[in-house]
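# Reading the structure
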Amino acid sequence: MALSESSRTRLISWLKIVLPLAAMAILSTLFLISRSIDPLAEIPYSTVDLRDSARSERVTKPSFAGATEEGDMIAFTAESALPRDGNRLDANDLAAEIDFASGGSVAVRAETGQIDQPADTATLRGGVEITSSTGYRVETEALAIGMRQTRAETEGEIRAEGPPGTFTAGRMRLSTDPETGKVYMVFTAGVKLIYDPGSTPGPTEE
């Protein structure tokens, strides 16, 4: 049925009002729906871990290297470290390696440790394992290593095996011969050795 000119005019006038209102209603619905969705919900990270990391200032896989006054090269690596008082670091899974200028080397591993720069000392603790290029393997609970001087000493008893056999001692330290510059492992305070007759001479004892 054909619309008269006046009816067509009235219809167009109504559509000019109704269509914009309908469009506004649709847009309002879309905005309401979008507000109910968290845009961060799908981002794959843990805000707790980030907060803890920022708060702890933990350093992952740090390494330190240098030379002692005797010319021996020393290097430290760790799985992670936490700064303390600016010049100290608490480290986890700490390892050290000393390459002696006179020849030979010593490698050390421990569960934890502290690097104290003012004292020029790194103290390794917990399941400390010392391995030398001369065939000694020593276990102890704590070992202090010099960072600028070639020195290392356990805080207590050691259990070891090497060319002479298996043995225990109250202490172990690294000692440098002033004439030759060579570095030796010196075992003191009650060495008890299970001697292997087919081996080389036993450990040095004071």
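Residues numbered from 1 in each chain as written. Predicted model: local features only at pLDDT ≥ 70, side-chain atom pairs only at ≥ 80, totals over all residues. Heavy atoms only, no water.

## Points about the nonpolar core
Counting residues in hydrophobic clusters, the biggest one holds 33 residues, and the most contacted among them are Val108, Ile130, Ile145 and Met185. With five residues, strand E5 (residues 88-99) is the largest single contributor of residues to this core. Setting aside anything within four residues of it in sequence, one finds isoleucine 145 in contact with Ile74, Phe76, Ala96, Ile98, Val108, Asp120, Thr121, Ala122, Leu124, Arg151 and Ala152. (Core = buried A, V, L, I, M, F, W, Y, C linked by side-chain atoms within 4.5 Å. Buried < 20%, exposed > 50% of the residue type's maximum accessible area, 1.4 Å probe, protein only. Helix = DSSP H or I, 4+ residues; strand = E, 2+ residues; numbered from the N terminus. Contact = heavy atoms within 4.5 Å.)

## A word on the confidence of the model for the protein chain
Reading predicted coordinates in detail is not appropriate for stretches of low pLDDT. The pLDDT averaged across the protein chain works out to 76; a share of 67% of its residues lies at or above 70. Confidence over residues 30-55 falls short of pLDDT 50; this stretch has two contacts with residues more than four positions distant or in other chains. Throughout residues 201-206 the model reports pLDDT below 50, and contacts reaching past four residues in sequence, or to other chains, amount to 19 contacts. (pLDDT = per-residue confidence, 0-100.)

## Quick word on the packing of aromatic side chains
Here the structure, examined in full by the defined rule, presents three aromatic pairs. Judged by centre distance (6.2 Å) and plane angle (40°), the ring pair of tyrosine 136 and phenylalanine 187 falls under tilted. With tyrosine 136 in the loop between strand E7 (121-132) and strand E8 (137-146) and phenylalanine 187 in strand E13 (residues 183-188), the pair connects residues that are 51 residues apart, well separated along the chain. You can call phenylalanine 187 buried: its relative accessible area is 1%. An aromatic cluster is defined as three or more aromatic residues linked by ring pairs; in this entry it consists of Tyr136, Phe167 and Phe187. (Phe/Tyr/Trp six-rings, centres within 6.5 Å; stacked < 30°, edge-to-face > 60°.)

## With respect to the pairing of strand E3 (residues 73-77)
Where a strand is regular, its side chains alternate between the two sheet faces. Across the two faces of E3 the burial differs, with Ile74 and Phe76 buried and Met73, Ala75 and Thr77 not buried at all. Where strand E2 (residues 63-67) and E3 come together, five bridges link them in antiparallel fashion. In the sheet register, alanine 65 faces E3, and the bridge partner there is alanine 75. In sequence, E2 turns back onto E3 through a hairpin of five residues, with glycine 71 there showing a positive phi of about 90°. Strand direction decides the pairing type here: E3 and E5, joined by five bridges, are antiparallel. Along E5, the bridge assignment pairs phenylalanine 76 with alanine 96. (Pairing = 2+ DSSP bridges.)

## Comments concerning the side chain of aspartate 116
With respect to the helices, strands and loops of the structure, aspartate 116 is situated in strand E6 (residues 105-116). The exposure class assigned to aspartate 116 is buried, which follows from its relative accessible area of 14%. A polar side-chain atom of aspartate 116 sits 3.2 Å from the main-chain amide nitrogen of alanine 119. When near neighbours in sequence (up to four residues on either side) are disregarded, aspartate 116 contacts Asn87, Arg88, Thr121 and Met147. (Polar contact = N/O pair within 3.5 Å; in protein donor to acceptor, adjacent residues only side chain to side chain.)

## Details of the pattern of salt bridges
Here the idea is simple: oppositely charged side chains can pair when their charged atoms come close. Taken as a whole and assessed by the stated rule, the structure comprises 10 salt bridges. Here glutamate 129 ties to arginine 137 by a salt bridge, and the two come within 3.1 Å at their closest N and O atoms. Looking at arginine 137, the relative accessible area reads 29%, which means it is partly exposed. Its salt-bridge partner being arginine 159, residue glutamate 139 comes within 3.9 Å of it at the nearest N-O pair. Here glutamate 139, found in strand E8, pairs with arginine 159, found in strand E10 (residues 158-162); they are 20 residues apart in sequence, far enough to count as distant. Linked through salt bridges whose partners overlap, the residues forming this network are Glu129, Arg137, Glu139 and Arg159. (Salt bridge = Lys/Arg side-chain N within 4 Å of Asp/Glu carboxyl O.)

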